[in-house]
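A look at the structure
Each chain, written out:
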Amino acid sequence: MATIWIDGVSYEADPSRNLLAVILELGFDLPYFCWHPALGSIGACRQCAITQFRGEDDHQGQVVMACMTPAAEGARVSIDHASAATLRKSVIEWLMVSHPHDCPVCDEGGECHLQDMTVMAGHTYRRSRLPKRTYISQDLGPLIGHEMNRCIQCYRCVRFYREYAGGHDLQAMGTRDRIYFGRYQDGPLESEFAGNLVEICPTGVFTDKTQARHYTRKWDLQTAPSICTHCGVGCNINPGERYGALRRVRARYHGAVNGYFLCDRGRYGYEFESSDRRIRVPLAPRGEQNQAEELSVQAAVTRVAKILTSSRRVIGVGSPRATIESNYALQRLVGADGFFHAACAEEHRSSLAALDALREGPSRSPALREIERCDAVVVLGEDLTQSAPMMALAIRQAALAIPRSVAERQGIPPWHDAAIRESVQSARGPVFLLSPAPTKLDDLATRVYRKTPRAIAAAGQAIARALDPQVPALAGDEMDRAGIEEIARALTVAERPLVVAGSGTASEAVINAAANLAWATSAAREDDRAAELAYALPWANSAGLSLLGGAPLDEALAAAERGEVDAAIILESDLDRIAGPGPAERFLGQVRHAVVLDHIAHPTAARADVVLPAATFAEGHGHLVNSEGRAQRQMAVFSPDEPIRESWRWLREAMMLAGYDEADSWTGAEAIAEAAARDHPALARLPDAQLSADFRLGGAKVARAPHRYSGRAAAKLHLNVLEPTPPRDNDSPLEFSMEGSPVLPPGKIETTFWAPGWSSPQALTRFQEEIDGPLRGGDPGVRLIEPAGEPFAYRDVALSAPSPELAPTPVVAAFGSEELSALAPGIAALAPRAFLELNPRDAASLGLADDDVVSVRARGASARLSVRLEPGRAQGTAGIPLGLEDIPVALSFAGELITGS
Amino acid sequence: MAALSSAERAEIDAEIAILPDARSASIEALKTVQRHRRWIDDDALGAVAEYLDLSKHELEAIASFYNLLFRKPVGRHVVLVCDSVSCWILGNEAVKQALEDSLGAAFGEVTRDDRFTALPMQCLGACDRGPALMIDEDLHGPVQPADVSELLRRYP
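Residues numbered from 1 in each chain as written. Chains lettered and ligands numbered in written order. Predicted model: local features only at pLDDT ≥ 70, side-chain atom pairs only at ≥ 80, totals over all residues. Heavy atoms only, no water.

1. With respect to the overall build of chain B
Rules: Put simply, DSSP H or I for four residues or longer makes a helix, DSSP E for two residues or longer makes a strand, and each gets a number counted from the N terminus. Exposed residues in this analysis have more than 50% of their type's maximum accessible area, buried residues have under 20%, and partly exposed residues fall in between, with area computed by a 1.4 Å probe over protein chains only. We call two residues contacting when some pair of their heavy atoms lies within 4.5 Å. Where accessible areas are quoted, they stem from the Shrake-Rupley method and a 1.4 Å probe; at the residue level, only the protein chains shown are allowed to cover. Only four residue types enter the tally: Lys and Arg on the positive side, Asp and Glu on the negative side; His and the chain ends are excluded. A charge is said to be at NZ when it belongs to Lys, at CZ for Arg, at CG for Asp and at CD for Glu.
Looking only at helices and strands, chain B has seven helices and four strands in total. Its helices and strands taken in sequence order, chain B reads α-α-α-α-β-α-α-β-β-β-α from the N to the C terminus. Seen through its C-alpha atoms, chain B measures out along the principal axes to roughly 50 × 30 × 25 Å. Counting over 156 residues, chain B shows a buried share of 42%. In chain B, the share of contacts with a sequence separation of at least 24, taken over all contacts with a separation of at least 6, comes to 62%. As displayed, chain B offers around 8200 Å² of accessible surface, 52% of which is attributable to carbon and sulfur atoms. For chain B, the separation between the mean place of its 16 positive charges and that of its 26 negative charges on side chains is 3 Å.

2. Comments concerning the overall build of chain A
Definition in use: The globule rule used here is 2.2 Å times the number of residues to the 0.38 power, and the radius of gyration it is set against is calculated over C-alpha atoms.
A count of helical and extended segments in chain A gives 28 helices and 37 strands. Relative to the globule expectation of 29 Å for 901 residues, the C-alpha radius of gyration of chain A, 28 Å, shows essentially globular dimensions. Seen along its three principal axes, the alpha-carbon backbone of chain A occupies a region of about 90 × 75 × 55 Å. Across the 901 residues that make up chain A, the buried fraction comes to 63%. Considering only contacts within chain A whose residues lie at least 6 apart along the sequence, 73% involve residues at least 24 apart. For chain A, the accessible surface area stands at approximately 32800 Å², while carbon and sulfur atoms represent 50% of it. Separation between the mean location of the 91 positive side-chain charges and that of the 113 negative ones in chain A comes to 4 Å.

3. Brief notes about the interface of chain B and chain A
The condition is simple: Accessible area, probed at 1.4 Å, shrinks when two parts are joined; the buried area is that loss added up over both. A carboxyl oxygen of Asp or Glu within 4 Å of a side-chain nitrogen of Lys or Arg is what we treat as a salt bridge.
The interface is formed by 11 residues belonging to chain B together with 10 residues belonging to chain A. When chain B packs against chain A, close to 970 Å² is buried across both sides, 56% of that on carbon and sulfur atoms. Taken together, chain B and chain A are joined by zero salt bridges. Where the side of chain B that touches chain A is concerned, the elements lending two or more residues are helix H3 (42-52) and helix H4 (56-63) of chain B.

4. Considering H4(B)
Burial analysis of H4(B) places six of its eight residues in the buried class, which makes it a mostly covered element. Residues of H4(B) that are buried include every one of His57(B), Glu58(B), Leu59(B), Glu60(B), Ala61(B) and Ala63(B), and no others. In this structure, the buried residues of H4(B) make contact with strand S7 (171-173) of chain A together with helix H2 (26-37) and H3 of chain B.

5. As for the domain arrangement of chain A
Residue and element names in this part refer to chain A. Let me state the cut-off plainly: Marked domain ranges trace back to an automatic or database domain assignment. Any pair of nitrogen or oxygen atoms within 3.5 Å is treated as a polar contact; in protein, a donor-acceptor pairing is required on top of that, and neighbouring residues in sequence qualify only through side-chain atoms on both sides. Just so you know the grouping, Ala, Val, Leu, Ile, Met, Phe, Trp, Tyr, Cys and Pro go in nonpolar, Asp, Glu, Lys and Arg go in charged, and all remaining residues, Gly too, go in polar.
In terms of domain boundaries, chain A breaks down into domain 1 (2-95), domain 2 (364-485 + 503-511) and domain 3 (807-898). Its C-alpha centre places domain 2 at a distance of 26 Å from the equivalent point of domain 3. Residue-level contacts link 15 residues of domain 2 with 14 residues of domain 3. For the pair domain 2 and domain 3, the number of links is zero salt bridges. Across the domain 2-domain 3 interface, the total number found is three residue pairs in polar contact (both at pLDDT 80 or more). If you tally residues by element for the side of domain 2 that touches domain 3, the top one is helix H12 (residues 384-387), at three residues. Considering only residue class, the side of domain 2 that touches domain 3 consists of six nonpolar, seven polar and two charged.

6. Considering the sheet that holds strand S27 (residues 622-625) of chain A
All names here are of chain A. In plain terms, the rule: When DSSP finds at least two bridges between two strands, those strands are taken to pair.
If you walk across this open sheet you meet the three strands as S27-S28-S31, and the pairing is antiparallel. Pairing within the sheet leaves two strands with one partner each, and these edge strands are S27 and strand S31 (782-783). Bridging between S27 and strand S28 (residues 630-634) involves four bridges; their strand directions are antiparallel. Its bridge partner lying in S28, Val625 is registered against Ala631.

7. A few points about the pairing of strand S26 (residues 610-613) of chain A
Residue and element names in this part refer to chain A. The alternating pattern of S26 places Val610 and Leu612 and Val611 and Pro613 on opposite faces, both of which are buried. Two elements, strand S25 (residues 593-598) and S26, share four bridges in a ladder whose sense is parallel. Directly across from Val596, in S26, lies its bridge partner Val611.

8. Quick word on the domain arrangement of chain B
Here the domain parsing of chain B yields domain 1 (6-65) and domain 2 (77-153). Computed over C-alpha atoms only, the centres of domain 1 of chain B and domain 2 of chain B are separated by 29 Å.

9. Let's talk about the packing of H2(B) against H4(B)
Residues and elements named next belong to chain B. What counts, and what does not: Helix axes are fitted only over the stretch in contact, all axes being lines through C-alpha atoms; the angle between N-to-C directions runs from 0 to 180 degrees. Should an angle fall under 35 degrees it is called roughly parallel, over 145 degrees roughly antiparallel, and 65 to 115 degrees roughly perpendicular, with every other angle called oblique.
With their axes 10 Å apart at the nearest point, H2 and H4 run at an angle of 75° to one another. Taken together, the axis directions place H2 and H4 in an arrangement best described as roughly perpendicular. Residues Ser26, Ile27 and Leu30 of H2 form the contact with H4, whose own contacting residues are Leu59, Ile62 and Ala63.

10. A short note on the state of the cysteines
All names here are of chain A. Which entries qualify depends on this criterion: By convention in this document, the label disulfide applies to cysteine sulfur atom pairs within 2.5 Å.
Taken as a whole and judged by the stated rule, the model has zero disulfides over all chains. The thiol sulfur of Cys228 is not disulfide-bonded, and the nearest other cysteine sulfur, from Cys235, lies at 6.2 Å. Accessibility expressed as a relative area gives 6% for Cys235, which makes it buried.

11. Some details on the packing of aromatic side chains
All names here are of chain A. Keep this limit in mind: Side-chain rings of Phe, Tyr and Trp, where Trp is taken by its six-membered ring, are said to pair if the distance between their centres is within 6.5 Å; with planes under 30 degrees apart they count as stacked, over 60 as edge-to-face, and otherwise as tilted.
Summed over the entire model, instances satisfying the criterion amount to 16 aromatic pairs over all chains. For the pair Tyr11 and Phe28, a centre-to-centre distance of 5.7 Å together with 90° between the ring planes defines the contact as edge-to-face. Of this pair, Tyr11 sits in strand S2 (residues 9-13) while Phe28 sits in the loop between helix H1 (19-25) and strand S3 (49-53), placing them 17 residues apart in sequence. An angle of 35° between the planes, with centres 6.1 Å apart, marks the rings of Tyr32 and Trp758 as tilted. Note that Tyr32 is positioned in the loop between H1 and S3 and Trp758 in the loop between strand S30 (734-735) and S31, a separation of 726 residues in sequence.

12. With respect to the environment of Ala49(B)
All names here are of chain B. As for its placement among the helices and strands, Ala49 is situated in helix H3. Expressed as a C-alpha distance, the spacing of Ala49 and Val110, which sit 61 residues apart in the sequence, is 27 Å. Contacts of Ala49, omitting those with residues within four sequence positions, involve Leu54, Ser55, Lys56 and Leu59.

13. Section: the sheet that holds strand S5 (residues 76-78) of chain A
All names here are of chain A. Spatial strand order, S2-S1-S5-S3-S4: five strands in an open sheet with mixed pairing. Where the open sheet ends on each side, the last strands, each with one partner, are S2 and strand S4 (62-65). Averaged over all neighbouring strand pairs, the angle between strand axes comes to 40°, with direction disregarded. Across three bridges, the pairing between S3 and S5 is antiparallel. Among the inter-strand pairings, Thr51 is bridged to a residue of S5, identified as Ser78. Packing of helix H2 (residues 82-95) onto the sheet brings it into contact with S3 and S4, and relative to S3 it is tilted by some 160°.

14. Quick word on the confidence of the model for chain B
Caution applies to low-pLDDT parts of the model: their predicted coordinates are not meant to be read in detail. We apply this condition: pLDDT expresses how confident the predictor is about each individual residue, on a scale running from 0 to 100.
Mean pLDDT for chain B: 94, with 99% of residues reaching 70 or above. For this predicted complex, the interface confidence score (ipTM) comes to 0.91, while the overall pTM stands at 0.95.

15. Some thoughts on a nonpolar patch on the surface
To be explicit about the condition: Patches here: salt-bridge-free residues with over 30% relative accessible area, like charges joined within 9 Å, nonpolar side chains (Val, Leu, Ile, Met, Phe, Trp, Tyr) joined within 5 Å.
On the surface, a cluster of nonpolar side chains totalling about 450 Å² of accessible area is made up of Val85(B), Trp88(B), Ile89(B) and Leu90(B). Among the structural elements, Ile89(B) can be located in helix H5 (residues 85-89).

16. As for the packing of helix H16 (residues 453-467) of chain A against helix H17 (residues 481-493) of chain A
Residue and element names in this part refer to chain A. How we decide: By convention, the crossing between two helices is left-handed when the near helix turns anticlockwise from the far helix through less than a right angle, and right-handed when the turn is clockwise.
Interaxial distance between H16 and H17 falls to 9 Å at its minimum, and their mutual angle equals 60°. Taken together, the axis directions place H16 and H17 in an arrangement best described as oblique. Note that H16 runs across H17; the crossing there is right-handed. Judged by residue contacts, Ala462, Ile463, Ala466 and Leu467 of H16 engage Arg481, Ile484, Ile487, Ala488, Leu491 and Thr492 from H17.

17. Brief notes about unusual backbone geometry
All names here are of chain A. That bond from Gly429 to Pro430 is cis: its omega, 10°, falls within 30 degrees of zero. Looking at where Pro430 falls in the secondary structure, it is placed in the loop between helix H15 (417-424) and strand S19 (431-435). With omega at 0°, the peptide bond leading from Glu642 into Pro643 counts as cis. Despite not being glycine, Asp772 shows a phi value in the positive range, around 75°.

18. Side note on the pattern of salt bridges
The tally for this structure, following the rule as stated, stands at 73 salt bridges over all chains. For the salt bridge of Glu646(A) with Arg649(A), the shortest nitrogen-to-oxygen distance reads 2.6 Å. Judged by relative accessible area, which is 8%, Glu646(A) ranks as buried. In this structure, Asp114(B) and Arg38(B) form a salt bridge, with 3.1 Å as the shortest nitrogen-oxygen distance. Separated by 76 residues along the polypeptide, Asp114(B) in the loop between helix H6 (92-103) and strand S2 (116-121) and Arg38(B) in the loop between H2 and H3 bring together distant segments of the chain. The structure contains a network of salt bridges with shared partners spanning Arg159(A), Arg162(A), Glu163(A), Arg404(A), Asp417(A) and Arg421(A).

Here you go:
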């Protein structure tokens with residue numbers, strides 16, 4: 001540690017940091033614009049000026065930029081010194097010359113970094129009477145609003161978009177006082193991470209277009225710590241609610257998982273919550289004369305209980321997008337033998353194999369921010385930008401690990417982004433991508449291999465064998481020796497090598513080959529360490545569901561086919577979407593009774609006897625386990641209208657009525673989580689994921705809404721002149737109110753992220769233990785899976801027999817493949833239409849051309865898809881979009897082309 | 001004429017050959033196209049972007065940065081009038097006025113006969129010859145307002 005002096009007082013500081021970071025960390029106010037903890041320093045905006053003195057006797061000093069000055073031993077600086085303070089005041093005055101001052105109509109107003117900094121720097125009066133330069137703003141698509149007139153040219157948008165996220169279509173146009181941040185022409189921003197511009201922009205140039213449709217200011221939102229439900233990565237989110245509906249989702253900082261950012265599926269998927277398809281009351285879809293009939297809570301629960309008591313064999317279909325609690329309740333209800341997963345056999349096998357590999361072997365699954373620090377990456381099969389976007393963003397940073405370390409060895413401090421970029425230029429990697437089709441990470445890859453999933457598994461195994469001869473040989477590795485050796489060497493010499501795979505190739509062999517590859521590195525390395533191993537699982541709770549155990553949906557369908565099922569309880573799943581309308585209808589016909597619990601209406605629900613309205617992620621409490629094996633808690637953001645409640649509460653009520661006594665003990669969210677933790681050793685640490693409901697600060701709970709929350713007394717005035725009592729929350733340390741402890745809570749249950757003088761997302765520095773470090777008091781969540789270590793046995797990589805048929809290969813779409821987010825209008829507008837993607841040579845040999853329509857069939861499901869030619873696609877594969885409307889998931893995993901008629 | 005001509009391609013290729021990668025040739029490629037076509041229209045920008053494997057957004061960022069890369073039509077001859085402080089002190093405002101009067105077109109416009117476009121330029125680096133202006137590749141100065149129409153006559 002170094003000793004530095006700030007305005008005459010000495011402090012201990014980390015000399016590898018810059019003074020701006022140190023000053024903010026110490027709790028001082030110092031305005032800045034272009035610096036961001038994830039982007040580093042470029043010294044462009046000149047706003048963080050301070051005065052630095054040569055020694056104790058130097059009283060004049062010189063002005064330096066805090067963000068560009070290291071916290072070196074003996075540094076003496078002043079924030080308050082007149083020369084720096086005056087410069088800061090003139091810099092902001094100059095930046096504000098053309099700013100429209102339209103705060104009252106600006107969506108950023110009230111959480112605007114520019115507002116905060118203007119006040120902080122003391123620019124309180126506009127002297128300029130010059131005309132303001134104006135721009136025509138662009139239509140950037142359904143998710144992001146653009147108002148260029150508010151821009152202060154800090155360049156943070158393009159630095160994030162181009163350099164951090166790898167986008168190409170947002171640029172700084174023009175020069176001098178006519179800089180324009182935009183696209184060549186109007187059109188949706190192409191990056192899956194564009195929504196972060198809303199938070200990266202210090203003012204209102206980029207705003208959330210979805211929020212604008214139901215706008216609420218930050219101080220009028222109720223929020224709670226939550227977890228994104230739209231893929232397996234488990235990013236932390238702050239959803240905001242008012243008047244009983246979500247208004248927006250913002251990234252919630254997590255020091256180990258998502259850091260500051262979110263992908264657009266996660267940011268904008270929330271609007272499914274207010275979709276027309278929401279189920280809000282219990283229903284009997286096939287009531288009198290097949291007319292849907294609304295049921296009272298009592299009637300609905302009684303009907304379900306009656307089904308439970310009158311049926312001989314009841315099975316449950318658990319859901320990879322439902323919480324541990326709801327799945328656990330269902331598993332207890334139907335028994336381990338009767339518990340199935342709403343997942344195709346391929347997806348189910350991939351998830352189980354991934355979990356087994358993480359538990360049995362020596363490789364650790366890294367958190368996202370650990371992935372960022374890996375310095376050699378091999379991706380087997382997965383198109384991460386589409387299936388787990390934030391993991392792709394982490395790999396984009398990992399690709400800079402080696403080039404950055406080269407720069408740092410030249411003496412460039414790690415925070416000096418301008419110098420680092422100058423040194424790095426276009427150097428990236430090593431990153432090796434083996435995939436069936438082009439991906440958006442190709443641009444940073446050292447080498448890209450296009451292969452069928454089968455050949456990817458074989459190649460992974462061949463590289464593993466090059467590292468450790470103990471790895472069993474496989475017939476049919478179709479990879480050249482030099483390529484194999486190049487990758488093997490990269491994994492051997494790297495500090496922190498990483499192997500990545502996922503369920504997106506529908507191949508258990510790829511999952512297992514990835515494990516073998518990661519494990520085999522330990523044999524070749526001097527330090528005997530195995531590479532880290534990251535899997536991208538498709539759903540928010542794929543890992544959690546796999547830890548509970550259960551068989552795939554296909555086996556439930558087979559059991560019904562054999563007449564062994566009398567009733568099915570289907571949790572938060574649309575079986576039509578997975579198995580196809582034909583098989584789903586058949587299944588629901590074969591089981592005498594079906595109960596569906598879900599938030600959204602779908603064809604499966606329409607065929608059930610009873611449909612129960614389940615709380616969404618924002619309306620209930622529960623735990624999810626992400627692909628890393630980290631259990632994270634979702635806390636209810638708001639209390640939904642009666643009778644919506646968490647699925648497990650519905651199940652509990654029916655079970656109690658039907659005489660399942662154990663359900664009595666599930667008195668609250670924590671009680672059932674504890675029961676799950678007791679029953680499943682793998683989940684033992686589940687209750688440690690968050691602070692418990694009895695946590696108090698100064699005897700009080702923590703408010704979900706800021707103390708400036710307005711209009712509570714009037715919100716329901718049209719229903720009753722008496723203000724209703726706020727709903728109680730017995731399940732968490734939070735209150736559905738703006739009234740709560742005046743003491744600042746630990747970061748893991750902070751809701752408002754506001755500090756005096758800091759209203760924008762930049763207030764975060766006040767809530768971190770150190771800049772870029774964990775939240776104060778520790779990040780939430782708990783890792784459930786740690787590697788077993790040596791000895792281990794290599795996993796069996798079973799390759800399918802070579803076949804002349806094209807291998808069906810899912811094409812995952814960040815926008816469209818996940819069923820809940822696909823209901824959000826903004827996401828739906830960006831989702832692809834159904835297609836069948838072929839290599840032109842395969843198409844030619846089948847006599848197919850662009851736009852020809854082909855039938856695809858699998859397991860009783862079928863679809864007609866129009867052909868799209870992609871020269872970059874591996875020959876021998878047929879790309880079938882995953883999870884789109886009208887394409888059952890089974891087809892993407894197992895579809896067979898019906899040609900020639 | 002959207003696609004690049006073979007002459008344009010040859011000149012761009014010659015630049016790429018001496019640079020580390022194709023994208024480094026983007027400024028020279030735009031200058032090449034401008035030499036052949038006077039200015040860079042949207043189609044030409046698209047053709048260059050495709051040729052260099054850049055996005056149009058990236059190339060436009062470059063094209064719009066340099067004020068001697070023209071993204072709007074110009075006349076056969078471009079008149080650059082020095083707009084810096086030395087020339088201003090030495091009376092360039094009268095020269096600019098005389099130029100607009102002689103051309104019958106404002107700065108940035110193309111004269112009706114397609115002959116000239118006048119543009120303010122900061123700066124020509126010819127303070128010793130201010131007020132200065134440049135027509136095509138020729139530097140002129142000091143220029144008096146009365147000289148302007150005679151000067152223009154030399155550029156048919």
